[in-house]
Amino acid sequence: MKKIMLLPVLLLALQSFAQLSPVNYKEGGQKLSGFSGVPERPSQTKAGILVLPAWMGINDHSKEVAEKLTKRGFYTFVADIYGEGKYPKDTKQAGEQAGYYKSHPEAYQKRIKVALDELIKSGADPEKIIVIGYCFGGTGALEAARAGFNVKGVVSFHGGLGKDASRKNTPIKPMVLALHGADDPYVPQKEIDSFMQEMKDGKADWQMIYYSGAVHAFTEKEAGDDNSKGAAYNEKADKRSWAAFTQFLKDVLKEEKPKVNKIGDSKKGLEKE
C-alpha cells in the first residue's frame, strides 16, 4: 500500500523541471553549469529569456521561473554566475560572492554574456532576447543593459539598482522594468534616485513599479513571511509583479494581437496563465 502511495510522489519528482536540461559551459577557464529550456512549441518570435538567479546561485525558484516560461513557448537559460567549486554554502559566502561581482561589473557582465550565448545556441532569436533577474540577479539584468548587450528588455525583480558613482551613465537601449518592494530596506532612496537619473540620462524606455508592504525578495517563498527581517515573501506582490512582467513581454515583443489562420484557430505567441 505504501508503495502505491509513494508512486505519485516519485513521478512528480521525476517530472520536476522536466523541460530543463543541464548545460556545461565555460568563461575564463571557469567551469559553469546552467540550465537550458527548449519549448516543444516555440512562440512565433522564438524569443529567449535569460534568468539570473539571486545571490545563493541557481535554486528551485530560478528553475521554476525558467520552466514556467519554457512551457509558454520561450527559450530559456538559467545562468551560473559563480561556477563549479565556488557556490556559496551560506548567506555570508553569498554576500561575499555577490559583493565581488557588484564591485567588478566587468566580470559580472562576462558571465552574463556567455550565458546569453548559450541561450542563443539553444535556438532563441538573437534579436529577441530578454534578461530577467532576482535580487543579485536583478542587478545583473541592469548590468546587461549597461554593458550594451543586444537585448530587447531587462527586468529586475527586487534587485539592487545602483552602481559605483565613478561609472558614467551611458545610453540604455533595451526597455527596462524595475519591480521594487516599497519597504525594501536594502535599497536606499539615494540608490533609487541615482537609478532614476541613470535612466533619464540614458534616455531609456523605463518603468519602475513599487509594491506596498513588500520588502526584499518578495517573490522568493524560501524567504519566509517575516518583514522585520528585511527579506520576505509577499504573495500579492509576487502575483502583481508577474502580471507586470507578462505585460512587459507583450510590449517588448509586440505580440499583443494573436494571429489567426484560415480556419480561425488562434496562435498566440504569449499565452495567458
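What you see is a predicted model, and the numbers here were worked out from it, not measured in a lab.

Reading guide: rules and limits
Residues numbered from 1 in each chain as written. Predicted model: local features only at pLDDT ≥ 70, side-chain atom pairs only at ≥ 80, totals over all residues. Heavy atoms only, no water. Core = buried A, V, L, I, M, F, W, Y, C linked by side-chain atoms within 4.5 Å. Buried < 20%, exposed > 50% of the residue type's maximum accessible area, 1.4 Å probe, protein only. Helix = DSSP H or I, 4+ residues; strand = E, 2+ residues; numbered from the N terminus. Phe/Tyr/Trp six-rings, centres within 6.5 Å; stacked < 30°, edge-to-face > 60°. Lys NZ or Arg CZ within 6 Å of the ring centre and 35° of its normal.

### Some thoughts on the nonpolar core
Among soluble globular proteins, nonpolar side chains are generally buried collectively.
Item 1. Ranked by size, the top nonpolar core spans 40 residues in total, and within it Leu-50, Ile-81, Ile-112, Val-131 and Val-154 carry the most contacts.
Item 2. Residue contributions to this core peak at 7 residues, all from helix α4 (residues 105-121).
Item 3. Membership of the second largest hydrophobic core comes to 28 residues, among which are Leu-20, Ala-66, Phe-157 and Ala-214.

### Focus: the packing of aromatic side chains
Item 1. Tallied over the entire structure, the rule returns 11 aromatic pairs.
Item 2. Seen from their ring centres, Tyr-134 and Phe-157 are 4.5 Å apart, and the 15° between their planes marks the pair as stacked. Of the two residues, Tyr-134 sits in strand β5 (residues 129-134) while Phe-157 sits in strand β6 (residues 153-157), which places them 23 residues apart along the sequence.
Item 3. Residue class for Tyr-134 comes out buried when judged on its relative accessible area of 2%.
Item 4. You can call Phe-157 buried: its relative accessible area is 1%.
Item 5. When the centroid spacing of 5.8 Å and the interplanar angle of 85° are considered together, the rings of Phe-195 and Trp-206 count as edge-to-face. One end of the pair, Phe-195, is in helix α6 (residues 189-201); the other, Trp-206, is in strand β8 (residues 206-211), and 11 residues separate them in sequence.
Item 6. Take Phe-195: its relative accessible area is 0%, and that puts it in the buried class.
Item 7. Since its relative accessible area comes to 25%, Trp-206 is described here as partly exposed.
Item 8. Among the aromatic residues, those joined into a cluster by ring pairs are Tyr-82, Tyr-100, Tyr-101, Tyr-108 and Phe-136.
Item 9. The lysine or arginine in question, Lys-63, covers the ring of Phe-35, its NZ or CZ lying 4.9 Å from the ring centre.
Item 10. Positioned above the aromatic ring of Trp-242, the side-chain terminus of Lys-68 is 4.1 Å from the ring centre.

So far we have only geometry, and geometry alone does not tell us how the molecule works.
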